[in-house]
Amino acid sequence: MDMPMDTSLSLARGTAAPVPATPVAGAGVVRIADDKAMLRAAADLTRDLVKPRPMVYWGDLIASVALGYGALVVAATSGSTAVVVVAAIVSVLGLYRGLSFIHEVSHMKHASVPNFRLCWNILVGVPMMTPSFMYEGVHNLHHAKTRYGTVEDPEYLPLALMKPWTLPLFIVVSALAPIALLIRFAVLSPLSLLSPKLRTMVVERYSALAINPQFRRRAPEGEAKAYWNHLEVAASLWAITLIGITAAGVLPLRAFLTILGVASAFAVLNQVRTLVAHLWENDGETMTVTAQYLDTVNVPPPALLPALWAPVGLRYHALHHLLPGLPYHALGEAHRRISAELDAMSPYHKASYPGLPGLVSKIARSTMVRR
């Protein structure tokens, strides 16, 4: 259950003082100035937390995948409706957590956790038709200081400034993601080998986990291109095989539909999380680091449910934008240190919210008020 905003300790502390703002010369707008004390404290207090712990990564990934796939088999084969429902929910949560490691893969230095990217692609990326190349080389643009919140940001839309109907559409369309991925890898990938024009379209428009429809990604080069090609071939062969064995009756139709249903469910869950990952209030202007932080969301303890709908450190999304190099398992400790160090006047506390319902309500109200 969500709590009223004024009962949240961290949010109440954060609203004690306004965040300094400075006019932008010639632009006629007000830009939030960087809070140097916050930025310095965040960096200084977390220097010993930057090293990934391989055992945590491996243990978490393997447990998530084993739970997710195991429950998926039960959901696809059980004759009990109650068992199917419970198993499907467990599968959604397990596989969603496993898939969420794509975020870590896009940030980590691969030598720090050897072979993790490769194994993640084998266990999750290829089977779920979301190989890591669909996020690597894309997500880093979202963190670029001069790109965040602009038309060049692949992961940003000013949703809070748009029409109210865009929010349900934003969620509902994500349910079609499994079908879109099947088409992308089983149909478009092989066809694009025959048409350079189609290949360019596939690379630019259908090879990124992005929400900005204006984003066009660049074709990979060198080692990145070779890695991309290997993963794309693997994902394409898997997609074609999945369709083929279903059509041939080797894979029962019920099992195929269960796979699609589970995939659709965690795609919707991830889209809901994306909806509340930011406040989405920027209209295209470049933003300071502090402004970017305040446009992003932390949902820290004592709330428990964010561990399920924002797994693998995503509940500390605002903190991640301050310190994108921190491994996910260090974000909780980093948040505790910074929260304790900075006084109630610091803007750091303003990015913490109690839970999902209040955030959804906030952005919904914003779309209605602005229209």
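*Asks:* Now, about the overall build of the protein: what can you tell me, with residues and values included?
*Replies:* A count of helical and extended segments in the protein gives 16 helices and 2 strands. Relative to the 2.2 N^0.38 estimate, which gives 21 Å for 371 residues, the radius of gyration of the protein is 21 Å and therefore close to what a compact globule would have. In terms of its C-alpha atoms, the protein occupies a principal-axis envelope of roughly 65 × 50 × 45 Å. Taking all 371 residues of the protein together, 48% fall into the buried category. Of the contacts made within the protein by residues no fewer than 6 positions apart, 73% connect residues no fewer than 24 positions apart. When the accessible surface of the protein is summed, it comes to about 17800 Å², and 67% of that surface belongs to carbon and sulfur atoms. Counting 31 positive and 23 negative side-chain charges, the protein places the averaged centre of each group 4 Å from the other.

*Asks:* Could you give an account of unusual backbone geometry, with specific residues and numbers?
*Replies:* Look at the link from proline 301 to proline 302: it is a cis peptide, with omega at 20°. You can see proline 302 is positioned in the loop between helix 12 (289–294) and helix 13 (306–309). Despite not being glycine, methionine 129 has its phi angle at roughly 55°, a positive value. With respect to the element layout, methionine 129 can be found in the loop between helix 5 (116–125) and helix 6 (139–142). Classification of methionine 129 as buried rests on a relative accessible area of 7%. The phi torsion at valine 312 lies on the positive side, around 55°, for a residue other than glycine. Examined against the element boundaries, valine 312 turns out to sit in the loop between helix 13 and helix 14 (317–322). Given a relative accessible area of 3%, valine 312 falls into the buried group.

*Asks:* Tell me about the confidence of the model for the protein, residues and numbers included.
*Replies:* Per-chain confidence: the protein averages 91 in pLDDT, with 91% of residues scoring 70 or above. Within the model, the stretch residues 1–29 combines pLDDT values under 50 with 50 contacts to residues more than four positions away or in other chains.

*Asks:* Give me the pattern of salt bridges: which residues, what numbers.
*Replies:* Following the criterion strictly, the structure yields 8 salt bridges and no others. The residue aspartate 60 makes a salt bridge to arginine 97 at a minimum N-O spacing of 2.8 Å. On the criterion of sequence distance, the pair formed by aspartate 60 in helix 3 (residues 54–77) and arginine 97 in helix 4 (residues 81–107) is long-range, its members being 37 residues apart. Residue class for aspartate 60 comes out buried when judged on its relative accessible area of 15%. Put simply, arginine 336 and glutamate 333 hold a salt bridge, and the shortest N to O gap is 3.2 Å. Of this pair, arginine 336 and glutamate 333 are both found in helix 15 (residues 331–341), 3 residues apart, which corresponds to roughly one turn of the helix. Given the relative accessible area of 28%, glutamate 333 is considered partly exposed. Among the charged side chains, a salt-bridge network with shared partners connects Asp48, Glu333, Arg336 and Arg337.

*Asks:* For the nonpolar core, give the residues involved together with the corresponding values.
*Replies:* Counting 23 residues, the largest nonpolar core has Tyr57, Leu61, Phe101, Phe116, Trp120, Val124 and Phe266 as its most contacted members. Among the elements that take part in this core, helix 4 stands out by supplying 7 residues, more than any other.

*Asks:* Which residues make up a nonpolar patch on the surface, and what values do they have?
*Replies:* Side chains of Ile179, Ile183, Val187, Leu191, Leu193 and Leu194 sit close together on the surface and give an oily, nonpolar patch of about 600 Å² of accessible area. For valine 187, the location among the structural elements is in helix 8 (residues 177–192). On the basis of relative accessible area, valine 187 is assigned to the partly exposed category, the value being 38%.

*Asks:* How would you sum up helix 9 (residues 196–205)? Please name residues and give values.
*Replies:* Listing the buried residues of helix 9 in full gives Arg199, Val202 and Val203. Projected down its long axis, helix 9 carries its buried residues within an arc of 95°, all on one side. The inward-facing, buried residues of helix 9 contact helix 8 and helix 10 (222–247).

*Asks:* Tell me about the packing of aromatic side chains, residues and numbers included.
*Replies:* Scanning the entire structure with this criterion turns up 10 aromatic pairs. Consider the rings of tryptophan 58 and phenylalanine 116, whose centres lie 5.2 Å apart with planes at 70°: the pair is edge-to-face. Of this pair, tryptophan 58 sits in helix 3 while phenylalanine 116 sits in helix 5, placing them 58 residues apart in sequence. The exposure class assigned to tryptophan 58 is partly exposed, which follows from its relative accessible area of 23%. Joined through ring pairs, the aromatic side chains of Tyr57, Trp58, Phe101, Phe116 and Tyr328 make up one cluster. We note arginine 117 situated over the ring of tyrosine 227; from NZ or CZ to the ring centre the distance is 3.9 Å. Between the NZ or CZ atom of arginine 184 and the centre of the ring of phenylalanine 185, over which it lies, the distance is 4.4 Å.

*Asks:* Talk me through the environment of asparagine 229; I want residue IDs and the actual numbers.
*Replies:* For asparagine 229, the location among the structural elements is in helix 10. Distance in space between the C-alpha atoms of asparagine 229 and tyrosine 69 is 26 Å, their sequence separation being 160 residues.

*Asks:* I'd like to hear about the packing of helix 3 against helix 11 (residues 253–275), residue by residue, with values.
*Replies:* The packing of two helices is summarised by the inter-axis angle and the distance between the axes. Helix 11 packs onto helix 3 with a crossing angle of 130° between their chain directions and a minimal axis gap of 9 Å. Between helix 3 and helix 11, the crossing angle belongs to the class labelled oblique. Along this stretch, helix 3 crosses helix 11, giving a crossing that reads as right-handed. Facing helix 3, whose interface residues are Leu72, Ala75, Ala76 and Thr77, helix 11 presents Arg254, Ala255, Thr258, Ile259 and Val262. Residues of the contact of helix 3 with helix 11, tallied by class, amount to 6 nonpolar, 2 polar and 1 charged.

What counts and what doesn't
Numbers given to residues run from 1 along each chain, matching the order in which its sequence is written. Thresholds applied to this predicted model are a pLDDT of at least 70 for local features of residues and 80 or more for the giving and counting of side-chain atom pairs; totals over whole chains, interfaces and linings are not thresholded and use all residues. Note: side-chain values were computed over all heavy atoms of the structure, leaving out hydrogens and water. Per the convention used, a helix needs a DSSP run of H or I reaching at least four residues, while a strand needs a run of E reaching at least two, with both numbered from the N terminus. We take the radius of gyration over the C-alpha atoms and set the globule estimate at 2.2 Å times the residue count to the 0.38 power. Note on classification: 1.4 Å probe, protein chains only; a residue is buried when its accessible area is under 20% of the maximum for its type, exposed when over 50%, partly exposed between these limits. Two residues form a contact once any of their heavy atoms are found within 4.5 Å. Method for areas: the Shrake-Rupley scheme with a 1.4 Å probe, in which residue coverage is limited to the protein chains shown. By the counting rule applied here, Lys and Arg register as positive and Asp and Glu as negative, while His and the ends of each chain are not counted. Here the site of a charge means NZ on Lys, CZ on Arg, CG on Asp, or CD on Glu. What pLDDT reports is the predictor's confidence in each residue, on a scale of 0 through 100. The rule for a salt bridge is simple: a side-chain nitrogen of Lys or Arg has to be within 4 Å of a carboxyl oxygen of Asp or Glu. In this text, buried Ala, Val, Leu, Ile, Met, Phe, Trp, Tyr and Cys residues form a nonpolar core when linked through side-chain atoms within 4.5 Å. Residues enter patches when they are more than 30% accessible in relative terms and free of salt bridges; like-charged ones are connected within 9 Å and nonpolar ones (Val, Leu, Ile, Met, Phe, Trp, Tyr) within 5 Å. This arc corresponds to the set of directions leading from the helix axis out to the C-beta atoms. Stacked, edge-to-face and tilted are the three classes for Phe, Tyr and Trp ring pairs, Trp counted by its six-membered ring, which pair at centre distances within 6.5 Å; planes under 30 degrees apart are stacked, over 60 edge-to-face, the rest tilted. Charge-over-ring placement is defined geometrically: NZ (Lys) or CZ (Arg) within 6 Å of the ring centre, and within 35 degrees of the ring normal. The axes used here are C-alpha line fits, helices contributing only the stretch in contact, and every angle between their N-to-C directions lies in the interval 0 to 180 degrees. Angle categories are assigned with fixed cut-offs, so that under 35 degrees is roughly parallel, over 145 is roughly antiparallel, 65 to 115 is roughly perpendicular, and the rest are oblique. Handedness of a helix crossing follows the sense of rotation of the near helix relative to the far helix, less than a right angle counterclockwise being left-handed and clockwise being right-handed. Classes in brief: Ala, Val, Leu, Ile, Met, Phe, Trp, Tyr, Cys and Pro nonpolar; Asp, Glu, Lys and Arg charged; the others, Gly included, polar.

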